[in-house]
Amino acid sequence: MDMRKLVGQNFARLRQDRGLTQEEVEARSGFSQQYLSNLERGKRNPTIITLYELAQALEVSHVELVLPPSDEP
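The present account deals with the structure reproduced in this document. Only a predicted model underlies this, so the values are computations on that prediction, with no experimental measurement involved.

1. Observations regarding the side chain of Gln-22
And step 1. On the secondary structure map, Gln-22 appears in helix H2 (residues 22-29).
And step 2. Within the structure, Gln-22 has its side chain in polar contact with the side chain of Glu-40 (distance 3.0 Å).
And step 3. Once residues lying within four places of it in the same chain are set aside, the contact partners of Gln-22 are Arg-15, Gln-33, Leu-36, Ser-37 and Glu-40.

Below you can see the structure in the form of structure tokens.
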């Protein structure tokens with residue numbers, strides 16, 4: 001899987017699991033809503049520092065943003 005899409009899917013899932021909008025993450029992280037939208041659609045190639053900062057905004061480990069999907073139902 002393309003890592004950009006994987007990160008975007010994980011970010012969107014984690015954000016939604018926490019009941020956050022892109023605008024709320026924007027306020028927490030400083031990344032624009034447009035950037036977050038592009039990230040979720042796999043259109044951005046975030047740096048390690050960006051992954052770390054986004055993970056902090058979601059209050060998760062940065063590792064969760066790069067984990068492949070589990071095979072569990």
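2. So, the environment of Arg-28
And step 1. By the element assignment, Arg-28 lies in helix H2.
And step 2. For Arg-28, a relative accessible area of 46% puts it in the partly exposed group.
And step 3. Separated by 18 residues in the primary sequence, Arg-28 and Pro-46 place their C-alpha atoms 17 Å from one another.
And step 4. Excluding residues within four positions of it along the chain, Arg-28 makes contact with Leu-20, Ala-57 and Glu-59.
And step 5. Of the polar contacts made by the side chain of Arg-28, one reaches the backbone oxygen of Ala-57; its length is 2.8 Å.

3. Thoughts on the pattern of salt bridges
And step 1. A full pass over the atoms with the stated rule returns three salt bridges.
And step 2. Measuring nitrogen to oxygen at the nearest pair gives 2.6 Å for the salt bridge that ties Glu-40 to Arg-15. Taken together, the residues Glu-40 in helix H3 (residues 33-40) and Arg-15 in helix H1 (residues 3-17) connect sequence positions 25 residues apart.
And step 3. Given the relative accessible area of 16%, Glu-40 is considered buried.

4. What about the packing of H1 against helix H4 (residues 48-58)?
And step 1. Direction vectors running N to C along H1 and H4 enclose 15 degrees, while the axes themselves pass 10 Å from each other. Looking at the two axes, H1 sits roughly parallel to H4. For the pair H1 and H4, the crossing hand works out as left-handed. Residues Val-7, Phe-11, Leu-14 and Arg-15 of H1 touch H4, and the partners they reach there are Leu-51, Leu-54 and Leu-58.
And step 2. A class-by-class count of the residues in the contact of H1 with H4 yields six nonpolar, no polar and one charged.

5. Quick notes on the nonpolar core
And step 1. Residues Phe-11, Val-25, Leu-36, Leu-39, Leu-54, Leu-58 and Leu-65 are the most contacted members of the largest nonpolar core, which totals 16 residues.
And step 2. Only H1, H3 and H4 provide two or more residues apiece to this core.
And step 3. In terms of residue count, the dominant contributor to this core is H4 (five residues).
And step 4. Sequence-distant contacts of Leu-54, that is, excluding residues within four places in its chain, are made with Phe-11, Ser-29, Phe-31, Leu-36, Leu-39 and Leu-65.

Rules and cut-offs
- Residues numbered from 1 in each chain as written.
- Predicted model: local features only at pLDDT ≥ 70, side-chain atom pairs only at ≥ 80, totals over all residues.
- Heavy atoms only, no water.
- Helix = DSSP H or I, 4+ residues; strand = E, 2+ residues; numbered from the N terminus.
- Polar contact = N/O pair within 3.5 Å; in protein donor to acceptor, adjacent residues only side chain to side chain.
- Contact = heavy atoms within 4.5 Å.
- Buried < 20%, exposed > 50% of the residue type's maximum accessible area, 1.4 Å probe, protein only.
- Salt bridge = Lys/Arg side-chain N within 4 Å of Asp/Glu carboxyl O.
- Axes fitted to C-alpha atoms, helices over the stretch in contact; angles between N-to-C directions.
- Parallel < 35°, antiparallel > 145°, perpendicular 65-115°, else oblique.
- Left-handed = near helix turned anticlockwise from the far one by under 90°.
- Nonpolar A, V, L, I, M, F, W, Y, C, P; charged D, E, K, R; others polar.
- Core = buried A, V, L, I, M, F, W, Y, C linked by side-chain atoms within 4.5 Å.

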